[in-house]
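Below, each chain spelled out in residue letters.
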Amino acid sequence: MAKGNSDLGEQALSKAVEMGLSTQLDSADTLEAEIHTDPVALMQGEVESADIQGRGLVIKDDLRTEELKVKTDGIAIDPLKAAFGNIELTRPTNAAVAAKLTEADIERACNSDYIQRKLQKLEVKLGDRPVQIKLQQVQVSLPGEGRVAIATDVVQLDSGEQQHVAFSAAPAVDTQGYQLMLNDVQMEPTNSSEPLTQSLLAAASDLLDLRQFSLSGTSFKVERLDVQKEHMTLQAKAHLKTFPGS
């Protein structure tokens, strides 16, 4: 809950935001919201800004962020509904988002049911022949110097043949801020099939579309991606048509 805030209206709204957000989370180590407004502006449905901070936030069982910070622009809300704890936007607003993910968070996401369903019977091309493959447990590490290392065993469904795919790459975001790209791909010595790896990277591009991870009523554009040893941080601009949790 918001701290050091003497205004009961701000405190009530802050609590309502926290409760609304918590309904969309499977778990959270900490979650704090702080609404900035004054009684006169609030009666007119105007809020100066909202600050949200959380640690260990988990959605959809397996999508976790180590840290998340959100700061909105001015917000226009329905004051009557807000009095009953329902934060309803009367016009869209923008927000700045900063998130930190550990390599364990990224590995957990890659092995989530959501991603694994997309990886079952994934079709790639080997030579001129389409082949369906299945990925086993995906291992992810962030060794530093802006790179990510990925390793997994790939089973070819028609023959049962298994290959080991291992490579490193430099993640980046395209100019639109939606698509994650893996640049400067380098095969690891343990990689047993470079053609399979290249085909897999080409076929899995839709998995790297960051828009699929947006919450309902929210769109975002990643402006900066910083990959360091053992963790990754990203900064984004979000456009909110509805307030998360409302």
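Each remark here, short or long, concerns the structure printed above.
Residues numbered from 1 in each chain as written. Predicted model: local features only at pLDDT ≥ 70, side-chain atom pairs only at ≥ 80, totals over all residues. Heavy atoms only, no water.

Q: What is the right way to look at unusual backbone geometry in this model?
A: Negative phi characterises most residues that are not glycine, and trans characterises most peptide bonds. Of note in the backbone geometry, glutamate 145 takes a positive phi value of approximately 60 degrees without being a glycine. Along the chain, glutamate 145 falls in the loop between β9 (139–144) and β10 (147–156). Judged by relative accessible area, glutamate 145 falls into the exposed class, the value being 81%. Phi at glutamate 230 takes a positive value of approximately 75 degrees, unusual for a residue other than glycine. In this fold, glutamate 230 is placed in the loop between β13 (218–228) and β14 (231–240). For glutamate 230, a relative accessible area of 48% corresponds to the partly exposed category. (Helix = DSSP H or I, 4+ residues; strand = E, 2+ residues; numbered from the N terminus. Buried < 20%, exposed > 50% of the residue type's maximum accessible area, 1.4 Å probe, protein only.)

Q: Sorry if this is basic, but what is going on with the pairing of strand β3 (residues 49–59) here?
A: Consecutive side chains of a regular strand alternate in pointing toward one face of the sheet and then the other. Pairing of strand β1 (residues 30–36) with β3 involves seven bridges; the strand directions are antiparallel. Across the sheet, threonine 30 pairs through a bridge with arginine 55, a residue of β3. With eight bridges connecting them, β3 and strand β4 (residues 63–72) associate as antiparallel partners. In the sheet register, glutamine 53 faces β4, and the bridge partner there is lysine 69. (Pairing = 2+ DSSP bridges.)

Q: Teacher, can you tell me more about the sheet that holds β13 here?
A: Within a sheet, each strand pairs with its neighbour through backbone hydrogen bonds, oriented either parallel or antiparallel. Taken in spatial order, the six strands of this open sheet run β1-β3-β4-β6-β14-β13, and their pairing is antiparallel. Two strands in the sheet have a free side with no partner beyond their single neighbour: β1 and β13. Sheet twist, expressed as the mean angle between neighbouring strand axes with direction ignored, is 15 degrees. In the packing of helix α4 (residues 103–110) onto the sheet, the strands contacted are β3, β4, β6 (93–102) and β14, and the crossing angle to β6 comes to about 100 degrees. (Axes fitted to C-alpha atoms, helices over the stretch in contact; angles between N-to-C directions. Contact = heavy atoms within 4.5 Å.)

Q: Explain the pattern of salt bridges here, please?
A: If charged atoms from side chains of opposite charge come close, those side chains can pair. Per the counting criterion, the structure on display carries ten salt bridges. A salt bridge links aspartate 51 to lysine 71; the nearest nitrogen and oxygen atoms lie 3.4 Å apart. Here aspartate 51 is found in strand β3, whereas its partner lysine 71 is found in strand β4, with 20 residues between them in sequence. On the basis of relative accessibility, which here comes to 43%, the residue lysine 71 falls in the partly exposed class. The residue glutamate 88 makes a salt bridge to lysine 81 at a minimum N-O spacing of 2.8 Å. (Salt bridge = Lys/Arg side-chain N within 4 Å of Asp/Glu carboxyl O.)

Q: So what exactly am I meant to see when it comes to the nonpolar core here?
A: Nonpolar side chains in soluble globular proteins tend to be buried together. Core analysis: the largest hydrophobic core is formed by 27 residues, its most contacted members being Leu13, Val17, Ile52, Ile77 and Phe243. At the level of secondary structure, the elements contributing two or more residues to this core comprise α1 (8–22), β1, β3, β6 and β14. In this structure leucine 13 touches Ile35, Leu42, Val47, Ile77, Ala82 and Ile87, once residues within four positions along its chain are discounted. Ile133, Val148, Val165 and Met232 belong to the second largest nonpolar core, which has 24 residues in total. (Core = buried A, V, L, I, M, F, W, Y, C linked by side-chain atoms within 4.5 Å.)

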